[in-house]
Amino acid sequence: MGSDIHRPVADFPANIWEDPLTSFSTSDLGNDTFKEKHATLKEVVKESFMSSKANPIEHINYIDALCRLGVSYHFERDIVEQLDKLFDCPDFNQTIRHDGCDLYTVGILFLVFRQFGFKLSADVFEKFTDENGKFKGHLVADANGMLSLYESAQWSTHGEDIIDEALAFSRLHLKEISSQSSPHLAVRIKNALRHPYHKGISRIQTRQYISYYQEEESCDPTILEFAKIDFNLLQILHREELSWVARWHHDMEIESKVTYTRHRITEAYLWSLGAFFEPQYSQARIISAIALILFTALDDMYDAYGTVEELELFTDAMEKWLPAAPNGIPDSMKYIYHATVDFYDKLEEELEKEGRSGCGFHLKKSLQRTANGYMQEAKWLKRDYIATFDEYKENAILSSGYYALIAVTFVRMTDVAKLDAFEWLSSHPKIRVASEIISRFTDDISSYEFENKREHVATGIDCYMNQFGVSKEIAVEEMGNIVSDAWKGLNQELMRPHAFPFPLLMRVFNLSRVIDVFYRYQDAYTHPEFLKAHIISLLVESIPI
């Protein structure tokens, strides 16, 4: 290829992990002893959980602790069964609305029920408001109650004015409350304001909560020890998976074959860990991390390397799913084409062997749609065209890449992701669209400054400013409203009855949570120093027991 071709190459920050294979060494030292201890403690915790049923409020507090400490997955079936019974129990519903049930407790109950898809009515908060629908001023004195209100208000759905009010009220006062709280509680409030539990990566939330919980007066030492051992045992598995992904990356020689892409092995693995952390999803995490590495190369190729002519050849070949990369494109693009097509062909082969015929077709379709979205943006850039906001939004749903990523997370969910699940995902269900909007616009807001330093297609902010003739500030605020609306829509889709198995919906929810952590304040995937502390706490340092 001629060296005089102008390429809009980005100045991406370098990879900050020299070699994930040595940075995240695995050690099985004392592993068997911990496994035995873990099994014993699990039985004790289960007994305590079952005996707490005598007092429903205490029981739900216990469920909340299990969730936040990251061990509720061991007791999921029992938890759902219990919540189902209580949800339909008139006595229990009366107790919640009784004056004796304080703000902290009502917040926890609301959060726990909604977290498992039971749409507890927003009217449980009415007793805390005055005749104008405003929350009563004296509540500000209850720091734990205010934090509980803030965390529970994240679960709002459309048309719940009282929850919108709860969020505004709690957010307004929590900053000041944290400055007057003990250092112990202040850290928790600051973490919650930065990324509430509902919008955090579950492993990060667990790691932070274990540190908080062990300082609490009400700390149950048995459940704490169980949570610590569980975290460390899972961490060993997660490190092994990361080593596997790093080996794949090394063997594929991506770093030397595609020099212009962001090399983000560890961050891609953290992304897939955000989608699912439980042990049964080990293979799923590896596949999702590899897919994310390939998506990153594709994204950067469309966005910061290929010419429109080259990209059209590439997209056309992918649309036809040609076995060989087209001529007329650079070797690095041919390499990306072969790596991606081979990866998808292998996945399709495995799906066929498992009797999940037809799933591979939808999997490939999700990738083709994403490539089309990237292609449209490349054409707009070439023509220096600023799309209308509606045009941008329609294409943004594809160029977010989340359709392709969600589809990949379904691949190893063998029990629940049959052909009907892939067909459903292809039909633009509301939960998928909500997740794509969250992904695209959260990213647009945070990476606006970096993108404007180089040739880059107009973002949603540019399109909005151009179409409506408003300032950047107003456009950013409107993007924020669109994202908030999408979260409400996503929350609603998580409520029972579910059209598809809850674990599939949870993938979409968890992937949206990753976006909040990776993109809310800056594009941390492109600038990985912002994720370094999380990676150290989840994959480098184990919890002292």
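Residues numbered from 1 in each chain as written. Predicted model: local features only at pLDDT ≥ 70, side-chain atom pairs only at ≥ 80, totals over all residues. Heavy atoms only, no water.

- Where an unreviewed UniProt entry is consulted, the protein appears under the name Alpha-humulene/(-)-(E)-beta-caryophyllene synthase-like, with the organism given as Camelina sativa.
- Under the heading Sequence similarities (unreviewed entry), UniProt records this for the protein: "Belongs to the terpene synthase family. Tpsa subfamily." (UniProt positions renumbered as here; feature names shortened; annotations may be inferred.)

1. Points about the overall build of the protein
Here's step 1: In terms of helices and strands, the protein carries 25 helices and zero strands.
Here's step 2: Taking 545 residues into account, the globule formula puts the C-alpha radius of gyration at 24 Å, and the protein, at 24 Å, falls close to it.
Here's step 3: On the principal axes, the C-alpha backbone points of the protein span a range of 75 × 60 × 45 Å.
Here's step 4: Per-residue burial for the protein yields a buried fraction of 58% across its 545 residues.
Here's step 5: Summarising the internal contacts of the protein: among those between residues at least 6 apart in sequence, 74% fall at separations of at least 24.
Here's step 6: As presented, the protein carries roughly 22,900 Å² of accessible surface, and 51% of it is formed by carbon and sulfur atoms.
Here's step 7: Charged side chains of the protein number 56 positive and 83 negative; the gap between the two group centres comes to 1 Å. (Helix = DSSP H or I, 4+ residues; strand = E, 2+ residues; numbered from the N terminus. Rg over C-alpha atoms; globule rule 2.2 N^0.38 Å. Buried < 20%, exposed > 50% of the residue type's maximum accessible area, 1.4 Å probe, protein only. Contact = heavy atoms within 4.5 Å. Areas by Shrake-Rupley, 256 points an atom, 1.4 Å probe, with all protein chains shown as cover. Lys, Arg positive; Asp, Glu negative; His and termini not counted. Charge placed at Lys NZ, Arg CZ, Asp CG, Glu CD.)

2. A short note on helix H19 (residues 402-411)
Here's step 1: With 10 of 10 residues buried, H19 is to be regarded as a mostly interior element.
Here's step 2: Residues Tyr402, Tyr403, Ala404, Leu405, Ile406, Ala407, Val408, Thr409, Phe410 and Val411 constitute the buried set of H19.

3. A look at unusual backbone geometry
For residues that are not glycine, phi is negative in most cases, and the peptide bond is trans in most cases.
Here's step 1: Going from Arg496 to Pro497, the amide bond is cis rather than trans, its omega being -5 degrees.
Here's step 2: Within the fold, Pro497 resides in the loop between helix H23 (472-493) and helix H24 (502-519).
Here's step 3: Phi at Asp384 takes a positive value of approximately 55 degrees, unusual for a residue other than glycine.
Here's step 4: Residue class for Asp384 comes out exposed when judged on its relative accessible area of 69%.
Here's step 5: With phi around 55 degrees, His428 is a residue other than glycine that occupies positive phi space.
Here's step 6: You can see His428 is positioned in the loop between helix H20 (419-426) and helix H21 (430-451).

4. Focus: the packing of aromatic side chains
Each aromatic ring pair is summarised here by two numbers: the centre-to-centre distance and the angle between the ring planes.
Here's step 1: The tally for this structure, following the rule as stated, stands at 33 aromatic pairs.
Here's step 2: Measuring from centroid to centroid gives 5.4 Å for Tyr302 and Tyr374, while their planes differ by 45 degrees, and the two rings are tilted. Remark: Tyr374 occurs in helix H17 (residues 359-382) and Tyr302 occurs in helix H14 (residues 282-304); sequence separation between them is 72 residues.
Here's step 3: With a centroid separation of 5.1 Å and 90 degrees between ring planes, the pair formed by Phe389 and Tyr464 is classed as edge-to-face. Taken together, the positions of Phe389 in helix H18 (residues 389-399) and Tyr464 in helix H22 (residues 460-468) put the pair 75 residues apart, joining distant regions of the chain.
Here's step 4: Given the relative accessible area of 6%, Phe389 is considered buried.
Here's step 5: Tyr464 gets classed as buried once you look at its relative accessible area, which sits at 14%.
Here's step 6: Grouping aromatic residues by their ring pairs yields a cluster made of Trp271, Tyr402, Phe518, Tyr519 and Tyr525.
Here's step 7: Sitting over the ring of Tyr521, Arg194 keeps its end group 4.1 Å from the ring centre. (Phe/Tyr/Trp six-rings, centres within 6.5 Å; stacked < 30°, edge-to-face > 60°. Lys NZ or Arg CZ within 6 Å of the ring centre and 35° of its normal.)

5. A short note on the side chain of Arg440
Here's step 1: Along the chain, Arg440 turns up in helix H21.
Here's step 2: A relative accessible area of 12% means that Arg440 is categorised as buried.
Here's step 3: In terms of polar contacts, Arg440 uses its side chain to reach the side chain of Asp443, at 3.3 Å. (Polar contact = N/O pair within 3.5 Å; in protein donor to acceptor, adjacent residues only side chain to side chain.)

6. A closer look at the environment of Leu531
Here's step 1: As for its position among the elements, Leu531 is in the loop between H24 and helix H25 (532-540).
Here's step 2: For the pair Leu531 and Leu270, spaced 261 residues apart in sequence, the C-alpha separation works out to 9.1 Å.

7. Brief notes about the packing of H14 against helix H15 (residues 308-320)
Here's step 1: It is the contact of H14 with H15, at a shortest axis distance of 10 Å, that shows an interaxial angle of 145 degrees. Contacts between H14 and H15 involve Leu298, Met301 and Tyr302 from the former and Leu311, Phe314 and Thr315 from the latter.
Here's step 2: A per-class count over the contact of H14 with H15 returns five nonpolar, one polar and no charged. (Axes fitted to C-alpha atoms, helices over the stretch in contact; angles between N-to-C directions. Nonpolar A, V, L, I, M, F, W, Y, C, P; charged D, E, K, R; others polar.)

8. Structural notes on the packing of helix H16 (residues 331-353) against H17
Here's step 1: Where H16 meets H17, the closest approach of the two axes is 8 Å, and the angle between their N-to-C directions is 155 degrees. Judged on the interaxial angle alone, H17 and H16 are roughly antiparallel. Here the hand of the crossing between H16 and H17 comes out right-handed. Where H16 approaches H17, its residues Thr340, Tyr344, Asp345, Leu347, Glu348 and Leu351 are matched on the opposing element by Cys359, Gly360, Phe361, Leu363, Lys364 and Leu367.
Here's step 2: Looking at side-chain class alone, the contact of H16 with H17 contains seven nonpolar, two polar and three charged residues. (Parallel < 35°, antiparallel > 145°, perpendicular 65-115°, else oblique. Left-handed = near helix turned anticlockwise from the far one by under 90°.)

9. Notes on the nonpolar core
Here's step 1: One finds Phe125, Trp271, Phe314 and Phe518 to be the most contacted residues of the largest nonpolar core, which totals 189 residues.
Here's step 2: Here this core takes 14 residues from H14, the largest share from any one element.
Here's step 3: Setting aside chain neighbours within four positions, we find Trp271 in contact with Leu292, Tyr402, Leu405, Leu511, Val514, Ile515, Phe518, Tyr519 and Tyr525. (Core = buried A, V, L, I, M, F, W, Y, C linked by side-chain atoms within 4.5 Å.)

10. Notes on the environment of Leu167
Here's step 1: Its place among the elements puts Leu167 in helix H8 (residues 161-180).
Here's step 2: Looking at Leu167, the relative accessible area reads 19%, which means it is buried.
Here's step 3: Remark: the alpha-carbon pair of Leu167 and Gly355, spanning 188 residues in sequence, is separated by 47 Å.
Here's step 4: Discounting residues that sit within four places of it in the chain, Leu167 has contacts with Tyr150, Ala153 and Gln154.

11. Quick word on helix H10 (residues 202-213)
Here's step 1: Between its terminal C-alpha atoms H10 stretches 16 Å, which fits the 16 Å expected from 12 residues at 1.5 Å a residue.
Here's step 2: Most of H10 sits inside the fold, with 10 of its 12 residues counted as buried.
Here's step 3: Buried residues of H10: Ser202, Arg203, Ile204, Gln205, Thr206, Arg207, Tyr209, Ile210, Tyr212 and Tyr213, and no others. (Expected span 1.5 Å × (residues − 1).)

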